[in-house]
Amino acid sequence: MEPVYTTISAILLFWHAAWERLLGDTLALGTSWAWVLGIVFLVLTVRLALFPVIIRQVRSQRATQRLQPQVKALQEKHRGDRETLQKELTALLAREKVSPLAQFLPMLVQIPVVIGLLHVLRHLRPGVTSEASRTLYGWTLTQFDSAIHAKLLTAPITAGFSTGDLTVKLVAAVLILVMTVTTYLTTRQMINKSGRAGDGPALIMQRIMLYGFPLSLLISGALFPIGVVLYWVTQNIFALGQQAWILRRYPLPPAAPASAPATPAPAAAARTAAARTAPAPAVKPLVTAVAPPKVGVKPARRDRRGYGRSAAR
């Protein structure tokens, strides 16, 4: 990881030197702006360097989503034959030039950057007295001494919630809260960008990312130096704007139309056709038997409507 630490240090020192030439090394509002802006522009440098990779990730996601009907058709066709299904899916992705690994590449690249920055900022502490240690990763003694005294709103950027005084805890608590909220917003935006899962393990994973990951940062953020939390907040705010542009530039593909009703089986279709063409059964007329009149009783007379009336005796 030493090349990562050296690269992170070089970018941070470059931007610090640039802002120091513009603003000087004085405090304003209790903030060492040359170092704070150096961290902010470290974020911008990393995000801009990753932008082509992120665009490739989005294109791969959209291509995968467009292929879902074909993937489902292959799954139905080769149900129970996993080996053939895997070959067909691999051939389909190769034919459409879709790389599943491209969807995870930006995350894999950012993880070493965050780890590298965390290591570098944790290394910048007053307890480091050895000259060899203070000049690691391309730092000079002057730069090291300046960094360990850099502040954000009077709180040292190398201190954290769990290691600082009341002012440090207050500044760190506000930044950790902002980091948690912006992480939730960027994760929700990322889920909208990639498409929400219907059910099953994918839905559970999305919920863990949406709620579990921000809550874990709310707790673990107390262990981070203020400089790392500042890096994370800046990255989240930049990611919100970047992903909003991506969603407009590469919208989600339209949902697949509802499938047509299933065609009846041949036997069922033949029975249905036979039932439609068969002649209707003959209906026998309903005949009501009338009992003969009894001896000595006059037959009943009928009125104009056909109903019988009792004869007068």
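Since the model is a prediction, treat every value here as computed from it, not as a measurement.

Quick word on the overall build of the protein
Working step 1: When helices and strands are tallied, the protein shows 11 helices and six strands.
Working step 2: Looking at the protein residue by residue over its 313 residues, the buried ones come to 34%.
Working step 3: Taking the intrachain contacts of the protein between residues at least 6 apart in sequence as the baseline, contacts between residues at least 24 apart amount to 68%.
Working step 4: Within the structure as shown, the protein displays about 20200 Å² of accessible surface, and the carbon and sulfur contribution to it stands at 65%.

Digging into the nonpolar core
Working step 1: Core analysis: the largest hydrophobic core is formed by 49 residues, its most contacted members being Trp35, Leu124, Trp139, Ile226 and Tyr231.
Working step 2: Among the elements of the structure, α1 (2-23), α2 (33-66), α5 (105-123), α7 (141-148), α8 (166-194) and α10 (226-249) are those that each provide at least two residues to this core.
Working step 3: If we skip the residues at most four places from it in the chain, Ile226 touches Leu152, Ala155, Pro156, Ile157, Ala159, Gly160, Val168, Val171, Ala172 and Leu175.
Working step 4: Of all hydrophobic cores here, the second largest spans six residues; its members include Leu67, Val71, Leu74 and Leu89.

Let's talk about unusual backbone geometry
Working step 1: Although it is not a glycine, Tyr137 sits at a positive phi angle of roughly 60°.
Working step 2: Positionally, Tyr137 belongs in the loop between α6 (131-134) and α7.
Working step 3: What makes Tyr137 buried here is its relative accessible area of 14%.
Working step 4: You will see that Thr154, though not glycine, has its phi angle at about 70°, which is positive.

Details of the pattern of salt bridges
Working step 1: Counted by the stated rule, this structure contains two salt bridges.
Working step 2: Two residues, Lys87 and Glu83, come together in a salt bridge whose shortest N-O distance is 3.7 Å. Highlighted residues: Lys87 and Glu83, both in helix α4 (residues 82-95), separated by four residues, approximately one helical turn. Glu83 carries the same exposure label as Lys87, and that label is exposed.
Working step 3: The residue Arg134 makes a salt bridge to Asp145 at a minimum N-O spacing of 2.0 Å. Of this pair, Arg134 sits in helix α6 while Asp145 sits in helix α7, and the two are 11 residues apart along the sequence.

Brief notes about a nonpolar patch on the surface
Working step 1: On the surface, a nonpolar cluster with roughly 550 Å² of combined accessible area is contributed by Leu22, Leu23, Leu29, Trp33 and Leu153.
Working step 2: Tracing the backbone through its elements, the reader meets Leu153 in the loop between β3 (151-152) and β4 (155-156).

As for the packing of aromatic side chains
Working step 1: For the coordinates displayed, the defined rule picks out nine aromatic pairs.
Working step 2: With a centroid separation of 5.2 Å and 75° between ring planes, the pair formed by Phe14 and Trp15 is classed as edge-to-face.
Working step 3: Put simply, the rings of Phe14, Trp15, Trp19 and Phe41 pair up and form one aromatic cluster.

Quick notes on the side chain of Thr158
Working step 1: Its location among the elements puts Thr158 in the loop between β4 and α8.
Working step 2: Leaving out residues up to four positions away in the same chain, Thr158 has contacts with Leu121, Leu124, Ala147, Ile148 and Pro225.

Overview of the environment of Tyr5
Working step 1: Mapped onto the secondary structure, Tyr5 falls in helix α1.
Working step 2: Taking C-alpha positions, Tyr5 is 9.2 Å from Leu136, a pair spaced 131 residues apart along the chain.
Working step 3: In contact with Tyr5, other than residues within four places in its own chain, are Ile115, Gly116, His119, Val120 and Tyr137.

Comments concerning the confidence of the model for the protein
Working step 1: In the predicted model, the protein carries a mean pLDDT of 77, and the fraction of residues at 70 or more is 73%.
Working step 2: Per-residue pLDDT stays below 50 along residues 258-270; that stretch engages in one contact with residues further than four places along the chain or on separate chains.
Working step 3: Low pLDDT (under 50) marks residues 309-313, which in the prediction has six contacts with non-local residues, meaning those over four places away or in another chain.

Thoughts on the environment of Tyr137
Working step 1: A C-alpha to C-alpha distance of 8.3 Å links Tyr137 and Pro3, two positions 134 residues apart in sequence.
Working step 2: Among the polar contacts listed, one links the side chain of Tyr137 to the side chain of His119, at a separation of 2.8 Å.

Looking at the side chain of Thr187
Working step 1: With respect to the secondary-structure elements, Thr187 resides in helix α8.
Working step 2: Overall, Thr187 belongs to the buried group, its relative accessible area being 6%.

Focus on the packing of helix α3 (residues 68-77) against α4
Working step 1: In contact at an axis separation of 10 Å, α3 and α4 are set at 160° when each is read in the N-to-C sense. Considered as vectors, α3 and α4 are oriented roughly antiparallel to each other. For the element pair α3 and α4, the recorded crossing hand is right-handed. Residues Gln70, Val71, Leu74 and Gln75 of α3 lie in contact with α4, whose contacting residues are Leu85, Glu88, Leu89 and Leu92.
Working step 2: Here the residues of the contact of α3 with α4 sort into five nonpolar, two polar and one charged.

Conventions and cut-offs
Residues numbered from 1 in each chain as written. Predicted model: local features only at pLDDT ≥ 70, side-chain atom pairs only at ≥ 80, totals over all residues. Heavy atoms only, no water. Helix = DSSP H or I, 4+ residues; strand = E, 2+ residues; numbered from the N terminus. Buried < 20%, exposed > 50% of the residue type's maximum accessible area, 1.4 Å probe, protein only. Contact = heavy atoms within 4.5 Å. Areas by Shrake-Rupley, 256 points an atom, 1.4 Å probe, with all protein chains shown as cover. Core = buried A, V, L, I, M, F, W, Y, C linked by side-chain atoms within 4.5 Å. Salt bridge = Lys/Arg side-chain N within 4 Å of Asp/Glu carboxyl O. Patch = residues over 30% accessible without salt bridge, like charges linked within 9 Å, V, L, I, M, F, W, Y side chains within 5 Å. Phe/Tyr/Trp six-rings, centres within 6.5 Å; stacked < 30°, edge-to-face > 60°. pLDDT = per-residue confidence, 0-100. Polar contact = N/O pair within 3.5 Å; in protein donor to acceptor, adjacent residues only side chain to side chain. Axes fitted to C-alpha atoms, helices over the stretch in contact; angles between N-to-C directions. Parallel < 35°, antiparallel > 145°, perpendicular 65-115°, else oblique. Left-handed = near helix turned anticlockwise from the far one by under 90°. Nonpolar A, V, L, I, M, F, W, Y, C, P; charged D, E, K, R; others polar.

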